[in-house]
Amino acid sequence: MMNKTEAIARKIFGWKLNRWDRWYDYEKTTFIPTTEFQPEESLDHAMLIVERLEKFGFRYSTDGICEACFNDVRATGETLAQAITNAAHSIIENNSFVDTSKLWRRLC
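Residues numbered from 1 in each chain as written. Predicted model: local features only at pLDDT ≥ 70, side-chain atom pairs only at ≥ 80, totals over all residues. Heavy atoms only, no water.

Caption draft 1: Spatial organisation of helix α2 (residues 43-55). Relative to the 18 Å expected for 13 residues at 1.5 Å per residue, α2 spans 18 Å between its end C-alpha atoms, a close match to the ideal helical length. Three or more residues of α2 are buried, namely A46, I49, V50, R52 and L53. Angular distribution of buried residues about the axis of α2 spans 165°; they occupy a single face of the element. Exposed residues pointing more than 90 degrees away from the buried face of α2 are listed as D44 and K55. (Helix = DSSP H or I, 4+ residues; strand = E, 2+ residues; numbered from the N terminus. Expected span 1.5 Å × (residues − 1). Buried < 20%, exposed > 50% of the residue type's maximum accessible area, 1.4 Å probe, protein only. Arc of directions from axis to C-beta.)

Caption draft 2: Summary view of the packing of helix α1 (residues 4-11) against helix α3 (residues 80-93). Following both chains from N to C, one finds α1 and α3 inclined at 65°, their axes separated by 10 Å at the closest point. Our pair here, α1 against α3, has a crossing hand that is left-handed. Side by side, α1 and α3 meet where K4, A7, I8 and K11 of the first sit next to T85, N86, A88, H89 and I92 of the second. Of the residues in the contact of α1 with α3, the class split is four nonpolar, three polar and two charged. (Axes fitted to C-alpha atoms, helices over the stretch in contact; angles between N-to-C directions. Left-handed = near helix turned anticlockwise from the far one by under 90°. Contact = heavy atoms within 4.5 Å. Nonpolar A, V, L, I, M, F, W, Y, C, P; charged D, E, K, R; others polar.)

Caption draft 3: A look at the sheet that holds strand β5 (residues 67-70). Strand order in the open sheet made by the three strands is β4-β5-β6, with antiparallel pairing throughout. Bordering the open sheet on either side are β4 (60-62) and β6 (73-76), each of which pairs with just one other strand. Averaged over all pairs of adjacent strands, the angle between strand axes in this sheet comes to 20°, irrespective of strand direction. The pairing of β4 with β5 spans three bridges and is classified as antiparallel. Opposite Y60, over in β5, you have F70 as the bridge partner. (Pairing = 2+ DSSP bridges.)

Printed below as a string of structure tokens:
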């Protein structure tokens, strides 16, 4: 079973696990060490999720402290970064997220 970060990396960003310790981003043709993408701990990383989901048509809103919403999916966390990660993972878990390959065709 994938953890939240792995699910987000694969399903939202379309990254592939190149080795046990790094992702490969085909869009930017770069390797990302798994230790350098920690959206539950880093608000900057969590905001990358927000930007990506907004490109896919999701509307983001927040209370600015510990709650994040994407359209009708709402989640909380101890921090805003955790709330964003939890909401993004809920989108994936509830199959609210469309296959990224289809979305890429629309965006390009």
